[in-house]
Amino acid sequence: QVQLVESGGGLVQPGESLRLTCAASGFTLDYYAIGWFRQAPGKEREGVSCISSEDGTTYYADSVKGRFTISRDNAKNTVYLQMNSLKPEDTAVYSCAAVLFGASCPRNGMDYWGKGTLVTVSS
């Protein structure tokens, strides 16, 4: 069964860090681009970061550049999102998604989605 499972969310204070994990089962991530998306209450889902399948090129939304880092460990079939200097506006449900042979991570073109993990940034 193909599955993406996110973990690592939680409640943190502004300025703190979290590392999200996206673990794949039922398929290998080697040939997939992986994207992290988030959806805050009352807002549309937005792309946060993406790592391509071919050469590991990374992309970040302007709102998280310099604070978030995406990385992949193909041996563990896992992708990470390191989130530093978190802000209240980062509060959202974060989901990972995969697209085969992806050079990018189109929100409406991903093949598989996880169910998400909640990140809450509040003092």
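Residues numbered from 1 in each chain as written. Predicted model: local features only at pLDDT ≥ 70, side-chain atom pairs only at ≥ 80, totals over all residues. Heavy atoms only, no water.

For the rest of this paragraph, the subject is the pattern of salt bridges. Counted under the stated rule, the structure contains five salt bridges. For the salt bridge of E46 with R38, the shortest nitrogen-to-oxygen distance reads 2.6 Å. Among the residues examined, E46 registers a relative accessible area of 34% and is labelled partly exposed. According to the relative accessible area criterion, R38 is buried, its value standing at 6%. A salt bridge links E44 to R107, with the shortest nitrogen-to-oxygen separation between them at 3.7 Å. Taken together, the positions of E44 in the loop between β4 (32-39) and β5 (46-51) and R107 in the loop between β9 (92-100) and β10 (112-113) put the pair 63 residues apart, joining distant regions of the chain. Residue classification places R107 among the partly exposed residues on the basis of a relative accessible area of 36%. (Salt bridge = Lys/Arg side-chain N within 4 Å of Asp/Glu carboxyl O. Buried < 20%, exposed > 50% of the residue type's maximum accessible area, 1.4 Å probe, protein only. Helix = DSSP H or I, 4+ residues; strand = E, 2+ residues; numbered from the N terminus.)

Moving on to the sheet that holds strand β7 (residues 68-73). If you trace the four strands from one edge of the open sheet to the other, you get β1-β3-β8-β7, paired in antiparallel fashion. For this open sheet the edge positions go to β1 (3-7) and β7, each flanked by a neighbour on one side alone. For this sheet, the mean inter-axis angle between neighbouring strands, taken without regard to orientation, is 15°. (Pairing = 2+ DSSP bridges. Axes fitted to C-alpha atoms, helices over the stretch in contact; angles between N-to-C directions.)

Of note in this structure, N77 is not a glycine but carries a positive phi near 55°. Mapped onto the elements, N77 comes out in the loop between β7 and β8 (78-83). Phi is positive for F101, close to 50°, though the residue is something other than glycine. Inspection of the secondary structure puts F101 in the loop between β9 and β10.

Along the polypeptide, E6 turns up in strand β1. The side chain of E6 sits in the buried core without any salt bridge; R45 is the nearest counter-charge, 8.1 Å away. Side-chain polar atoms of E6 contact the backbone nitrogen of C96, separated by 2.9 Å. Looking at E6, its side chain comes within polar contact range of the main-chain nitrogen of G116, at 2.8 Å. Leave out the neighbours within four places in its chain, and E6 touches T21, C22, W36, Y94, S95, C96, G114, K115, G116 and T117. (Lys, Arg positive; Asp, Glu negative; His and termini not counted. Polar contact = N/O pair within 3.5 Å; in protein donor to acceptor, adjacent residues only side chain to side chain. Contact = heavy atoms within 4.5 Å.)

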